[in-house]
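Tertiary structure, described
What follows is the residue order along each chain.
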Amino acid sequence: MKSTHLSLIAGAAVLAAVTGFATVTAPGAPAEPAAKSAALLPVERAGLVCPAPSNSDLAETQYTAFTPAGEGGEAKGAAELKPALPIVDDEDETDPKKAKKAEEAAKKAKAKAEKPVLAVKEPGKPVVAEANGSGAPALVGTATGKLAPGWTAQQTTEVTAGGSRGLLGVTCTAPDTDFWFPGASTAKSRQDYIHLTNPDDTGAVADIELYGPEGALKSDVGDGITVPARSSVAVLLSTLTAEAVDQLTAHVTTRSGRIGAVVMSADDSAGSDWITASEDPSGTLVMPGIPADATSVQLVAFAPGEDDADVKVQLMGKNATFSPAGNATLHIKSSMTASADLKDLTRGEPGSLRLTPVRKDRATPIVAALRVVRGKGDKQEIAYIPATGPVGARATVPDNRAKGSTLSLTAPGATAKVKVTASAGSGGGEPAVETYTVKAGTTLAVTPKAPEGLKGSYALTVETTSGGPVHASRSLALASDGVQMFTVQTLPDDRGMVEVPSARQDLSVLDD
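Residues numbered from 1 in each chain as written. Predicted model: local features only at pLDDT ≥ 70, side-chain atom pairs only at ≥ 80, totals over all residues. Heavy atoms only, no water.

1. Here we look at the overall build of the protein chain
Looking only at helices and strands, the protein chain features two helices and 40 strands. Scored against the burial criterion, the 512 residues of the protein chain give a buried share of 49%. In the protein chain, the share of contacts with a sequence separation of at least 24, taken over all contacts with a separation of at least 6, comes to 82%. A total of about 23,400 Å² of accessible surface is found on the protein chain, and carbon and sulfur atoms cover 50% of it. (Helix = DSSP H or I, 4+ residues; strand = E, 2+ residues; numbered from the N terminus. Buried < 20%, exposed > 50% of the residue type's maximum accessible area, 1.4 Å probe, protein only. Contact = heavy atoms within 4.5 Å. Areas by Shrake-Rupley, 256 points an atom, 1.4 Å probe, with all protein chains shown as cover.)

What follows is the structure, encoded as structure tokens:
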């Protein structure tokens, strides 16, 4: 009898480190709970996509990429963001001269797309790049080896005039197949573009559904949107429907492939910023980091299931949790967008909003976001804060400046302690570490301690060290011509570590 031994242990460990799950069980062996033997290992591969930053010729964009210092894979690895490919017209070109010219242009674009816009060389030190005008492309990229765990990137764009005026910040997103955007709009005063970016080498097909206060909006052109390989498509939401709705929820799904999705929103009177996707539907949601000087806060929520939702609306302020007067609860009908005008509810103190079910036994899943305004009249500026998950083990936000950064930490449950690390600067400086205690039911807003000898921009890494979950966001502010422009980015867990169940047995194939 001849025996061929096939060991799958190493393969399972690699698969888990990349995808977050793997298990091997011999035929007939009883299944064992993974938690008993699971080990935490760093991910070995991560992907990000960044939308095209602006359609304004006045735009000035800074990209920042960063991998936090810590345990990573043994391999040195790489972390690069490259330009997405331009969309090529599929129509057959009969003119030989034009066809040759188009072919040459396509070759140049492909060659350009192989040159990284920015590449992280070592953990713990951010790298930056700049782009000006409306021609800056979307970016796609991958990190491997020790540069993959916690790899993150941020693009920050300043537009000082025109319909896109504002400070627009967005954390580059991991590709996925399902996104919710409460707070989008098809109103005449808004120009909301949803950017769909495909990082893969095969095309993706996406659907966009819009839901207003009366339910689904009629649309014949939101289905089957093709996003070519390694390319990006921007869709103006108002072209998908004849209905002008001020507050709606956009839902993006893919029929095939993966994409990154984010909404660029421009308001005629209040500036512009990015709307990033809400946390997945849940019965309890947290939106951290409402600025102390917010002049208007609007809550937008949506219940995607078959049941209506009734939620408590609570502000976790500097010292306590309370319900805003006149808006203690919100009723959200199934498949309909609900909103509440919370006005200047923070009243000079920082805060975070929490939504919880009125009845604990009826925790209907919802998605939500806040539209926040600072300033008044022609000096207004907007930003959006989507519901976000907790920091967890670690979360990072790049592109912090010597001035203008505010870190907001909120503990919706038990009191918690966090460690905040300011990295070395992109051009020099020594890391700085501080610890904070966040009391239960409160929001703590701090000005981070910048690295000693800072040159350039730096990254902030937040780690929960004890206590209950902590939700966080970073506000970046920049004054321009009397307007306090700002943008807010949330800090969910970076998922740089994954649980890997231990493989306890080998598989053997026995041949006669």
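2. Focus: the packing of aromatic side chains
Evaluation of the coordinates by the stated rule reveals three aromatic pairs. Both rings, one in Y211 and one in F302, keep their centres 4.9 Å apart while their planes meet at 40°; by these two values the pair is tilted. On the criterion of sequence distance, the pair formed by Y211 in strand β13 (residues 204-212) and F302 in strand β21 (residues 294-302) is long-range, its members being 91 residues apart. Three or more aromatic residues link up through ring pairs in this structure, and these residues are W180, Y211 and F302. When the ring centre of F486 is taken as origin, the NZ or CZ atom of R374, which lies over that ring, is 5.1 Å away. (Phe/Tyr/Trp six-rings, centres within 6.5 Å; stacked < 30°, edge-to-face > 60°. Lys NZ or Arg CZ within 6 Å of the ring centre and 35° of its normal.)

3. Points about the environment of A325
Relative to the helices and strands, A325 resides in the loop between β23 (321-322) and β24 (329-332). A relative accessible area of 78% means that A325 is categorised as exposed. Spatially, the C-alpha atoms of A325 and L342 are 8.7 Å apart, while their sequence positions differ by 17 residues.

4. Comments concerning the sheet that holds strand β19 (residues 271-275)
If you trace the four strands from one edge of the open sheet to the other, you get β16-β12-β18-β19, paired in antiparallel fashion. Edge strands, defined here as strands with exactly one partner in the open sheet, are β16 (232-236) and β19. Here the strands of the sheet are splayed against their neighbours by 20° on average, with no regard to which way each runs. In terms of strand pairing, strand β18 (residues 260-267) meets β19 through five bridges, oriented antiparallel. Opposite D267, over in β19, you have G271 as the bridge partner. (Pairing = 2+ DSSP bridges. Axes fitted to C-alpha atoms, helices over the stretch in contact; angles between N-to-C directions.)

5. Considering the pattern of salt bridges
Summed over the entire model, instances satisfying the criterion amount to twelve salt bridges. A salt bridge links D341 to K343, with the nearest nitrogen and oxygen atoms 3.7 Å apart. D341 gets classed as partly exposed once you look at its relative accessible area, which sits at 39%. The salt bridge involving R401 is made with D399; its shortest N-O contact spans 2.6 Å. In this structure R401 comes out as partly exposed when scored by relative accessible area, which is 27%. (Salt bridge = Lys/Arg side-chain N within 4 Å of Asp/Glu carboxyl O.)

6. Let's talk about the nonpolar core
Counting residues in hydrophobic clusters, the biggest one holds 29 residues, and the most contacted among them are L299 and L353. Of all hydrophobic cores here, the second largest spans 28 residues; its members include A204, V263, I275 and Y384. (Core = buried A, V, L, I, M, F, W, Y, C linked by side-chain atoms within 4.5 Å.)

7. Description of empty space enclosed by the protein
All told, the structure shown has three cavities of 30 Å³ or more when counted by the stated rule. By volume, the largest cavity amounts to about 40 Å³. Considering the residues around the largest cavity, the lining is formed by L407, V420, A422, A432, E434, Y436, V446, P448, K449 and L460. Where the lining of the largest cavity is concerned, the elements lending two or more residues are β31 (416-422) and β33 (432-438). With three residues, the single largest contributor to the lining of the largest cavity is β33. Here the residues of the lining of the largest cavity are counted per class, giving eight nonpolar, no polar and two charged. (1 Å grid on protein atoms, 1.4 Å probe; cavity = no way out; pocket = protein on both sides within 12 Å on 5 of 7 lines; lining within 4 Å. Points joined across faces, edges and corners; volume = space filled by probe spheres on them. Nonpolar A, V, L, I, M, F, W, Y, C, P; charged D, E, K, R; others polar.)

8. Quick look at unusual backbone geometry
We note that S335 has phi near 60°; this positive angle belongs to a residue other than glycine. Along the chain, S335 turns up in the loop between β24 and β25 (337-343). A positive phi angle, near 55°, is found at R495, a position not held by glycine. Here R495 lies in the loop between β38 (483-490) and β39 (497-501). A relative accessible area of 65% places R495 in the exposed class.

9. What about the state of the cysteines?
The tally for this structure, following the rule as stated, stands at one disulfide. Covalent S-S linkage joins C50 and C172, the inter-sulfur distance amounting to 2.0 Å. Linking C50 and C172, the disulfide has an S-S dihedral of approximately 105° and is accordingly described as right-handed. Here the residue C50 occupies a position in strand β3 (residues 45-50), and C172 occupies one in the loop between β10 (166-171) and β11 (178-184), the gap between them amounting to 122 residues. Residue class for C172 comes out buried when judged on its relative accessible area of 6%. (Disulfide = S-S within 2.5 Å.)

10. Overview of the pairing of strand β17 (residues 248-256)
In regular strands, side chains alternate between the two faces of the sheet. Buried residues dominate β17, accounting for seven of its nine residues. Here β11 runs beside β17; their pairing, made up of six bridges, is antiparallel. Paired with F179 across the bridge in β17 is V252. Relative to β17, β13 runs antiparallel, the two sharing seven bridges. Its bridge partner being in β17, L210 is matched across the sheet by A250.

11. Considering the confidence of the model for the protein chain
With 86% of its residues at a pLDDT of at least 70, the protein chain reaches an overall mean of 89. Considering only residues more than four positions removed or in separate chains, one finds that residues 1-35, a stretch of pLDDT under 50, has 52 contacts. (pLDDT = per-residue confidence, 0-100.)

12. Quick look at the environment of R165
Positionally, R165 belongs in the loop between β9 (152-159) and β10. Its relative accessible area of 15% is what places R165 among the buried residues. Sequence separation between R165 and D267 is 102 residues; the distance between their C-alpha atoms is 9.0 Å. Beyond its immediate stretch of four places on either side in the chain, R165 contacts V159, T160, S269, A270, G271, S272, D378, Q380, E381 and V483. A distance of 2.9 Å separates a polar side-chain atom of R165 from the backbone oxygen of Q380. (Polar contact = N/O pair within 3.5 Å; in protein donor to acceptor, adjacent residues only side chain to side chain.)

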